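Residue-level structural notes
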Amino acid sequence: MQRDISIIAEKIDETALQAGRKSSAQMGAVIYFLGVVRDTEGPDQIAALEYEAFEKMARHQFDLILDQVEKRWPIGSVRLVHRVGRVGAGEPSLWVEVTAPHRAEAFAACQFLIDEMKKVVPIWKKAVF
Amino acid sequence: MQRDISIIAEKIDETALQAGRKSSAQMGAVIYFLGVVRDTEGPDQIAALEYEAFEKMARHQFDLILDQVEKRWPIGSVRLVHRVGRVGAGEPSLWVEVTAPHRAEAFAACQFLIDEMKKVVPIWKKAVF
Amino acid sequence: MSVRVHFYSYCRDLAGCAETIESISTGESLAVLLQKLFLRFPKMAAMQRSLLVAVGVDYQTGDYILRDGDEVALFPPVQGG
Amino acid sequence: MSVRVHFYSYCRDLAGCAETIESISTGESLAVLLQKLFLRFPKMAAMQRSLLVAVGVDYQTGDYILRDGDEVALFPPVQGG
């Protein structure tokens, strides 16, 4: 399984990332997930989220999750980009690409990756009003 | 829920389709699914798949599925493009975009849509060697 | 009355044509129409358990009573995606 | 020996600093270190049930025996995505 984890301060460039897809005629399913900053937090209107990461540990924890993904499902590749710093409402803070031979495993792996990230990867956010 | 179903003979232009996304700061999750023609069918190497659709019924059946999606989950929009005619190995035959406030419903709706499509939408394929 | 029947995919190959006209009496069901078609296209009878049948753009079962102007479609399991 | 402790996110706000040094005896556990920190930073004690603790880049529980050079990190529940 190819893997590529990035934690960046710049805007996520979906088009450039997609152009970098290592497409293969063995991979019948490709999934992209974008986590977008919403303009509300409960009852409050927000302008942005300020993301902070303990970057070295975040990379390691992502790697541990991907080790599990690799053991559980036949996945071709996973690429993930998480932004840090200020991310405006309406902008993506998370971009994930999963390629796999079949869709069931692609969906399962993509959801597992995000669910686990939200439990263990040391990234935090604060609302900016 | 916005919906847009296309059945086309031309190549799927991911970049152009994505540029047409009606982004909204209420939609925290965006999923893209690409179904790609694999270069094998069981033990055989194939060059392409030839897709045929009963187009009028296909559109209607997609609409019935989307009626169910709309009832079950709070979804912002669904766009779907299915190619017909010859689709070469390595090329996408199916492109789906789902936007929703949260990821759980986006994943559920996207998977439901594809699963149901594979049961009821009158599209067929033949291997081209 | 007469009913137009469309064949798709593998059904078209089995029938050797994309469509045909079948005569039936008023009040007859889809099941009766299918039996008549299977007599004319015996190869299709062999796959009748997996055959999908629509009238217009909706799936129908054998007890559906055909009406004048109905367009029937016969096809194998779908395989989109 | 002394151990460097890093605070992230809300923990940094509660501590009023991004890191500190705490002295402990050889063979002491992470739990002992945390008790010492909670005495110095009482506001953090209030959230100890939800606090996450790592040594280096791995999560550890209170029974972990600290070694010279270990870097400890304290932070609230993660919220990536």
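Thresholds applied
- Residues numbered from 1 in each chain as written.
- Chains lettered and ligands numbered in written order.
- Predicted model: local features only at pLDDT ≥ 70, side-chain atom pairs only at ≥ 80, totals over all residues.
- Heavy atoms only, no water.
- Core = buried A, V, L, I, M, F, W, Y, C linked by side-chain atoms within 4.5 Å.
- Buried < 20%, exposed > 50% of the residue type's maximum accessible area, 1.4 Å probe, protein only.
- Contact = heavy atoms within 4.5 Å.
- Pairing = 2+ DSSP bridges.
- Helix = DSSP H or I, 4+ residues; strand = E, 2+ residues; numbered from the N terminus.
- Axes fitted to C-alpha atoms, helices over the stretch in contact; angles between N-to-C directions.
- Buried area = accessible area lost by both parts, 1.4 Å probe.
- Salt bridge = Lys/Arg side-chain N within 4 Å of Asp/Glu carboxyl O.
- Polar contact = N/O pair within 3.5 Å; in protein donor to acceptor, adjacent residues only side chain to side chain.
- Least-squares fit on C-alpha atoms with pLDDT ≥ 70 in both.

This part is about the nonpolar core. Formed by 69 residues in total, the largest nonpolar core has its most connected members in A:Phe33, A:Val96, B:Phe33 and B:Val96. For B:Val96, the residues in contact, after removing those within four places along its chain, are B:Ile31, B:Tyr32, B:Phe33, B:Arg79, B:Leu80, B:Cys110, B:Leu113 and B:Ile114.

Sheet strands associate in pairs through backbone hydrogen bonding, adopting either a parallel or an antiparallel arrangement. All names here are of chain C. One open sheet accounts for 5 strands, arranged S2-S1-S5-S3-S4; its pairing is mixed. At either end of the open sheet lies a strand with only one pairing partner, and these are strand S2 (19-23) and strand S4 (58-59). Each of strand S1 (2-7), S2, strand S3 (52-55) and strand S5 (71-75) touches helix H2 (residues 30-40); the most contacted strand, S2, lies at about 120° to it.

A word on the interface of chain A and chain B. Taken together, the contacts link 30 residues of chain A with 30 residues of chain B. In total, chain A and chain B occlude about 2,600 Å² of area from one another, counting both sides; carbon and sulfur atoms represent 52% of this. Three residues, A:Arg38, A:Arg103 and A:Phe107, lead the burial of chain A against chain B; their summed loss comes to 24% of the area buried on that side. Our count for the contact surface shared by chain A and chain B stands at 4 salt bridges. In this structure, B:Glu14 engages A:Arg21 in a salt bridge whose closest nitrogen and oxygen atoms are separated by 2.9 Å. Linking chain A to chain B there are 18 residue pairs in polar contact (both at pLDDT 80 or more).

A separate point is the relation of the copies chain A and chain B. Structural alignment of chain A on chain B gives an RMSD of 0.0 Å, achieved by rotating through 180° and translating 0.0 Å along the axis. Look at the turn and shift together and you get a two-fold axis relating the two. When C-alpha distances to the rotation axis are compared across chain A, the minimum falls at A:Tyr32, with a value of 2.4 Å.

Let us look at the environment of B:Gly28. Within the secondary structure, B:Gly28 is located in the loop between helix H1 (14-19) and strand S2 (29-36). Owing to a relative accessible area of 12%, B:Gly28 belongs among the buried residues under this scheme. A C-alpha to C-alpha distance of 19 Å links B:Gly28 and B:Leu113, two positions 85 residues apart in sequence. In contact with B:Gly28, other than residues within four places in its own chain, are A:Leu34, A:Gly35, A:Val36, A:Arg38, B:Ala100 and B:Pro101.

Attention now moves to the interface of chain D and chain A. Between chain D and chain A, the residue contacts involve 18 residues of the former and 21 residues of the latter. For the pair chain D and chain A, the summed buried surface comes to about 1,600 Å²; carbon and sulfur atoms form 56% of the total. For the pair chain D and chain A, the interface holds 2 salt bridges. As a salt-bridge pair, D:Asp13 and A:Lys126 come within 2.8 Å of each other at their nearest N and O atoms. Of all the secondary structure elements, the ones that give two or more residues to the side of chain D that touches chain A are helix H1 (10-15), strand S4 (58-59) and strand S5 (71-75) of chain D.

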